[in-house]
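# Residue-level structure breakdown
Each chain, written out:
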Amino acid sequence: MKERNYTIFYLKRKVIFPYCTINVIVGATDLSRRLKKGDKVLAYPIRSLFDIIFYKNKLATLAEITDINKYENSFRLKLKGLARTRLINIDKNHLAESEPIGRNNDAAGRLLADRLRKKSQELIFIINVDDSDKLIGLLNYLVDLNQLTDFISNYFVMDFKERYKLYRESDVLKRSTALISILDKLIYEMKSKQKEIIQ
């Protein structure tokens, strides 16, 4: 089933995961001037001009504007990701049509969710920041594997290529497995750095 047209924003080397938020700056155009809090838009991550030209079937995030600050020549928007969608058509007026992507979750997902929580908690203990307890509490609160993978990807994976790869993987089981591998790598690297400091 196709969704109605939404205003589309091109995010250069940025990804907005569902259930997460991001701040973006957009130019003051006739279209952006009509935007208001509560409006839904499509956030489309691009790596190069090719992503703009060859957009069909690429992923974009349906997002809600949760805050908007208007300046003379630009607007600062706070977007909250809602769901992954697949682009169907973009017209010249920066309106896009998309269709939702189905979600999958099963018993195997519960086991992966437990592994993801443990890996994330281990990484949080190594980082040991002021908000560690809050992060652990949030991880325990998230029970849906889709939400959990997107939350961890957004807050723990900083490398754009890895973030983009996780974002593009619509199969949550494959996305979870890939994320566990990234967390293992991060944990190993941080433990190695700590050993170097001690020595």
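To be clear, the structure that these remarks concern was listed above.
Throughout what follows, the structure given in this document is the object of discussion. None of these values were measured; they are calculated from a predicted model.

Inspection of every chain in the model, using the stated rule, returns nine salt bridges. Notably, a salt bridge pairs Asp39 with Lys36, separated by 3.3 Å at the nearest N-O pair. The salt bridge partner of Glu122 is Lys191, with a shortest N-O separation of 3.0 Å. Taken as a pair, Glu122 in helix 3 (residues 107-127) and Lys191 in helix 7 (residues 172-198) lie far apart in primary sequence, 69 residues in all. For Glu122, a relative accessible area of 28% gives the class partly exposed. One salt-bridge network, held together by shared partners, links Arg47, Asp51 and Lys58.

Bringing the packing of aromatic side chains into the picture now. Taken as a whole, this structure holds five aromatic pairs when the rule is applied. Relative to Tyr155, the ring of Phe151 has its centre 4.7 Å away and its plane inclined at 50 degrees; by these criteria the two rings are tilted. On the criterion of helical spacing, the pair formed by Phe151 and Tyr155 is a turn pair, its members being four residues apart in helix 5 (residues 145-156). Owing to a relative accessible area of 10%, Phe151 belongs among the buried residues under this scheme. Given the relative accessible area of 43%, Tyr155 is considered partly exposed. Lying across the ring of Phe75, Lys70 places its NZ or CZ 5.6 Å from the centre.

We now examine the side chain of Thr61. Structurally, Thr61 can be placed in strand 4 (residues 59-70). Residue Thr61 is classed as buried on the basis of its relative accessible area of 0%. At 2.8 Å, the side chain of Thr61 forms a polar contact with the side chain of Tyr167. Beyond its immediate sequence surroundings of up to four residues, Thr61 is in contact with Ile16, Pro18, Val41, Leu42, Ala43, Gly81, Leu82, Ala83 and Tyr167.

The volume enclosed by the largest pocket comes to roughly 260 Å³. Taken together, 15 residues line the largest pocket, and the ones lying closest to its centre are Ile8, Phe9, Tyr10, Val26 and Gly27. Mapped by element, the contributors of at least two residues to the lining of the largest pocket are strand 1 (6-12), strand 2 (21-27) and helix 1 (30-33). Among the elements that line the lining of the largest pocket, the one with the most residues is strand 1, at six residues. Looking at the lining of the largest pocket residue by residue, the class counts come to eight nonpolar, five polar and two charged.

Procedures and definitions
Residues numbered from 1 in each chain as written. Predicted model: local features only at pLDDT ≥ 70, side-chain atom pairs only at ≥ 80, totals over all residues. Heavy atoms only, no water. Salt bridge = Lys/Arg side-chain N within 4 Å of Asp/Glu carboxyl O. Helix = DSSP H or I, 4+ residues; strand = E, 2+ residues; numbered from the N terminus. Buried < 20%, exposed > 50% of the residue type's maximum accessible area, 1.4 Å probe, protein only. Phe/Tyr/Trp six-rings, centres within 6.5 Å; stacked < 30°, edge-to-face > 60°. Lys NZ or Arg CZ within 6 Å of the ring centre and 35° of its normal. Polar contact = N/O pair within 3.5 Å; in protein donor to acceptor, adjacent residues only side chain to side chain. Contact = heavy atoms within 4.5 Å. 1 Å grid on protein atoms, 1.4 Å probe; cavity = no way out; pocket = protein on both sides within 12 Å on 5 of 7 lines; lining within 4 Å. Points joined across faces, edges and corners; volume = space filled by probe spheres on them. Nonpolar A, V, L, I, M, F, W, Y, C, P; charged D, E, K, R; others polar.

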